[in-house]
Amino acid sequence: MAIPFAIRDAFGRTLSRLGLSHSDLVVVDAGCAESSRSAYFAREFPERFVQVGPSPEDLIDTAAGLALCDKVVFACTDGMGACRAFESMRNGPALDRLPVVLFGLHGGLAAAGEGPANQGLEDVALMRAIPDLRVLVPCDAPQTEAVMEWCVENEDGPTYVRLGRDAGVVPATEDPLFTPGRARLLRPGRDICIAACGSALVTAMEAAEALAAEGVDVRVLDCVGVKPLDEAALVAAARDTAGIVTVEEGSVVGGLGSAVCELLAGLQPARVRRLGVPDVFGRSGDPDALARRHGLHRENVMRAVRLLLEARSG
Amino acid sequence: METRNPQETQRLKAIALDLRRRMVDALTRASTSYPGDSLSAVEILTALYFHELRANARDPRWSERDRLVLGNRRLAPALYAVLEKAEFIEDVDLGSFGDLESPLESHPRRSLPGVEASIGRPGHALSLANGMALAARMDGKTHRCYALLGEEDLQVGSTWEAVLTAAHHGLGGVCAVVNANGFLADGATASILSLEPLEQKWRSFGWHCLVVNGHHLDDLLRALAVARNLQNRPSCVIARTVWGRGLSWLEGDAVRHARPLGDEDRERALQSLDLIHC
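Residues numbered from 1 in each chain as written. Chains lettered and ligands numbered in written order. Predicted model: local features only at pLDDT ≥ 70, side-chain atom pairs only at ≥ 80, totals over all residues. Heavy atoms only, no water.

**Some thoughts on the overall build of chain A**
The test is simple: Runs of E in the DSSP output that reach at least two residues are strands. Runs of H or I that reach at least four are helices, and both are numbered from the N terminus. Taken over C-alpha atoms, the radius of gyration is set against a globule rule of 2.2 Å times the number of residues to the power 0.38. Each residue's exposure class comes from its accessible area (1.4 Å probe, protein chains only) as a fraction of the maximum for that residue type: buried when under 20%, exposed when over 50%, partly exposed otherwise. Working rule for contacts: check all heavy atoms of both residues, and any pair within 4.5 Å makes them a contact. Working definition of accessibility: Shrake-Rupley area with a 1.4 Å probe, residue cover restricted to the visible protein chains. We treat Lys and Arg as the positive residues and Asp and Glu as the negative residues; His and chain ends play no part in the count. Charged groups are reduced to one reference atom each: NZ for lysine, CZ for arginine, CG for aspartic acid, CD for glutamic acid.
In terms of helices and strands, chain A carries 13 helices and 12 strands. Taking 2.2 N^0.38 as the reference for a compact globule, 314 residues should give roughly 20 Å; the C-alpha atoms of chain A span a radius of gyration of 19 Å, in line with that estimate. For chain A, the C-alpha atoms occupy an extent of roughly 60 × 40 × 35 Å along the three principal directions. Put simply, chain A has 314 residues, and 62% of those count as buried. Partitioning the intrachain contacts of chain A with sequence separation of at least 6 by distance along the chain shows that 77% fall at a separation of at least 24. For chain A, the accessible surface area stands at approximately 11,700 Å², while carbon and sulfur atoms represent 51% of it. Across chain A, the centroid of the 31 positively charged side chains sits 6 Å from that of the 43 negatively charged ones.

Here's what the structure looks like:
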């Protein structure tokens, strides 16, 4: 059961906690402090909080200036704003390898209520194309906290973190919530694999459980790291199962699904079905209803799995 | 106008002349267009690097140093000549500018000692300077943060976002120096996208703003000193300059002279430099 604003609340609380433990952490916000919950940090550490107004380019360029002076910077905007910050991220923190973490909050279909112009569905695709930029899409509040804890310690270069729709909490495993470069194996399986990131992972697990009842053994991979991907895990899934269904709450063009196809085409060609927003604009509406309209609900994931299995046996 | 310190002025003038000679030699060997931008900024860079900026060429990352962020990539040849003369870099061939294996890339790279950030496009420099000034404030440091902007920077919206930000946060440690030489890649600024009245624009955004002849070293030094003493507001020095300053046949004529300088220009150029006085 999804708790509204769970991811954002976790983001805000974790910012405060990290602000206490890391005196070099600075937060820059592009006019969304209350909705992003960066306001929690602002109230406790006003001297380390910078509001620049709704200007994603000024956000990142200012963050770069801070990072050039030995700060670790968390920069907050929405998913669509992150797209506008593309050039600044590329030619600043990425080109000069600076510890700037851009959070695209309210990303994917989380912004369904704000209409198609505000649904940043292309953010992962854009950020993935930038060299030396890590791209992470955590699935729930606990993983968001784990990603943030890693980011504040990482000074090797910039990161883009997309925070999306609250869809619930993915059942934990023994593995750490986040290991850079590694996909989390949420469910071992030999028949087929579902690789997902973000809120789509919750749906992926639901689909896998339902399919298990039908005798289909589904492997579920949490691809929180869209860049870099866990090559070994995906190659093994392609080798050991009938194929991979990718699920993401973003465009099918250029995101996780595309990244998986690019990887496997070169190393381990496999059947892949990409689920996501099918290269169309969204509409204003309830996020859950819009996800269903774009085929990101449990039944459609199950259908995609069955189609792949049929193709394999046909 | 009375000279502040005649000896200092003469010292800086000699530096500026030497920089132009080094640049002309390099520009005739390197394949770079728009030599006039670099030539227009020589006095500005001389005033900054050889008088104003607190820096240490032996320790380019000295934490207390003043920061200078270069916004206009076409000033790169001038910057490299300055960094060589100021001994931030050595054993480099200025004429290798833009070559595949040269550390002197077409726009400055942070990997080069004395360069703060790898800026290659307009619209970023002032925000970076703001970020640096904010960091200084957080750390209780007093170093200053300069952004050397071209007119292209002022035609890009993100620069004005930074102007708003600096004013809103009272960043007295920020000084924008605008090299206003009147030309862009496509021709005269006034005919492409006019910036005037420029001084009033900066003032209306809450900045302190001075306008000087960008080739008059005393005026530049005076303006930078005034800016340095302002604590609660950012400041802008608009330096009116001449494109191609120093090479008489280039001056103020970017449209006809956008091509790189060649070997055939070197003799004429060096003679022309011997004739100029600021």
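**Regarding the sheet that holds strand 7 (residues 184-187) of chain A**
All names here are of chain A. Definition in use: At least two bridges found by DSSP between two strands are what make those strands a pair. Lines fitted to C-alpha atoms define the axes, with helix axes restricted to the stretch in contact, and inter-axis angles between N-to-C directions lie between 0 and 180 degrees.
Overall, mixed pairing links the five strands, which are arranged 7-9-8-11-12 in an open sheet. With one partner strand each, in any of the chains shown, strand 7 and strand 12 (272-277) form the two edges of the open sheet. Averaged over all pairs of adjacent strands, the angle between their axes in this sheet comes to 25°, without regard to strand direction. With five bridges joining them, strand 8 (residues 192-196) and strand 9 (residues 218-222) adopt parallel strand pairing. Bridging from a neighbouring strand, Cys193 pairs with Arg219 of strand 9. On the sheet, helix 9 (residues 200-213) packs against strand 7, strand 8, strand 9 and strand 11 (244-251) and is oriented at approximately 170° with respect to strand 9. Along the sheet face, helix 11 (residues 256-267) touches strand 8, strand 11 and strand 12 and points at about 140° away from the line of strand 11.

**Some words on the layout of surface pockets**
All names here are of chain A. Formally: Cavities and pockets were defined on a 1 Å grid built over protein atoms only: a cavity is a set of grid points that admits a 1.4 Å probe from which the probe cannot escape, a pocket is an open set flanked by protein on both sides within 12 Å along at least five of seven lines, and lining residues are those with an atom within 4 Å of any such point. Grid points are joined across faces, edges and corners, and a volume is the space filled by probe spheres set on the points. When residues are sorted by character, Ala, Val, Leu, Ile, Met, Phe, Trp, Tyr, Cys and Pro go into the nonpolar class, Asp, Glu, Lys and Arg into the charged class, and all the rest, Gly among them, into the polar class.
In this structure, the largest pocket occupies an estimated 420 Å³ of space. Lining the largest pocket we find 20 residues, and of these Arg165, Ala167, Val202, Thr203 and Glu206 sit closest to its centre. Those elements giving two or more residues to the lining of the largest pocket turn out to be helix 9 and helix 12 (287-293). It is helix 9 that provides the largest number of residues to the lining of the largest pocket, a total of five residues. Residue classes in the lining of the largest pocket are distributed as 10 nonpolar, three polar and seven charged. Looking at the second largest pocket, its volume works out to about 310 Å³. Pro4, Phe5, Arg165, Asp166 and Pro287 are, among the 15 residues lining the second largest pocket, the residues nearest its centre. Those elements that provide at least two residues to the lining of the second largest pocket are helix 1 (6-21) and helix 12. Each residue belonging to the lining of the second largest pocket can be placed in one class, and the counts come to eight nonpolar, two polar and five charged.

**Side note on unusual backbone geometry**
A cis amide bond links Lys227 of chain A with the next residue in sequence, Pro228 of chain A, at an omega value of -5°. Looking at where Pro228 of chain A falls in the secondary structure, it is placed in the loop between strand 10 (225-227) and helix 10 (231-240). Cis geometry is found at the peptide bond from Glu196 of chain B to Pro197 of chain B, where omega equals 0°. Relative to the helices and strands, Pro197 of chain B is located in the loop between helix 8 (189-192) and helix 9 (198-204). In this structure, Asp132 of chain A is a non-glycine residue whose phi angle is positive, near 60°. When you line up the elements, Asp132 of chain A lands in the loop between helix 7 (123-128) and strand 5 (134-136).

**Quick notes on the sheet that holds strand 10 of chain A**
Residue and element names in this part refer to chain A. Overall, mixed pairing links the seven strands, which are arranged 2-1-3-4-6-5-10 in an open sheet. Across the chains shown, the open sheet's two edge strands, defined by having one partner strand only, are strand 2 (49-51) and strand 10. Looking at each pair of strands side by side, their axes are set apart by 20° on average, direction ignored. Strand direction decides the pairing type here: strand 5 and strand 6 (residues 159-162), joined by three bridges, are parallel.

**Overview of the state of the cysteines**
Note the cut-off: Throughout, a disulfide means two cysteine sulfur atoms within 2.5 Å of one another.
A full pass over the atoms with the stated rule returns zero disulfides over all chains. Note on Cys69 of chain A: no disulfide assigned, nearest cysteine sulfur contributed by Cys145 of chain B at a separation of 6.3 Å. The exposure class of Cys69 of chain A is buried, given its relative accessible area of 6%. Cys151 of chain A takes part in no disulfide bond, and the closest cysteine sulfur, belonging to Cys76 of chain A, lies 12 Å away.

**Re the interface of chain A and chain B**
Using the following cut-off: Accessible area that two parts lose when put together, evaluated with a 1.4 Å probe and summed over both, is termed the buried area. Criterion for a salt bridge: a side-chain nitrogen of Lys or Arg within 4 Å of a carboxyl oxygen of Asp or Glu. For the purposes of these results, a polar contact is taken to be a pair of N or O atoms within 3.5 Å, where, inside protein, one atom must be able to donate a hydrogen and its partner to accept one; residues adjacent in sequence count only when each atom of the pair is a side-chain atom.
Contact with chain A, which involves 23 residues of that partner, is made by 23 residues of chain B. Of the roughly 1,900 Å² buried where chain A meets chain B, counting both sides, 56% is carbon and sulfur surface. Linking chain A with chain B are two salt bridges. Connecting chain A to chain B are eight residue pairs in polar contact (both at pLDDT 80 or more). Within the residue set of the side of chain A that touches chain B, elements represented by two or more residues are strand 2, helix 4 (56-67) and helix 6 (86-94) of chain A. Among the residues forming the side of chain A that touches chain B, the class breakdown is nine nonpolar, six polar and eight charged.

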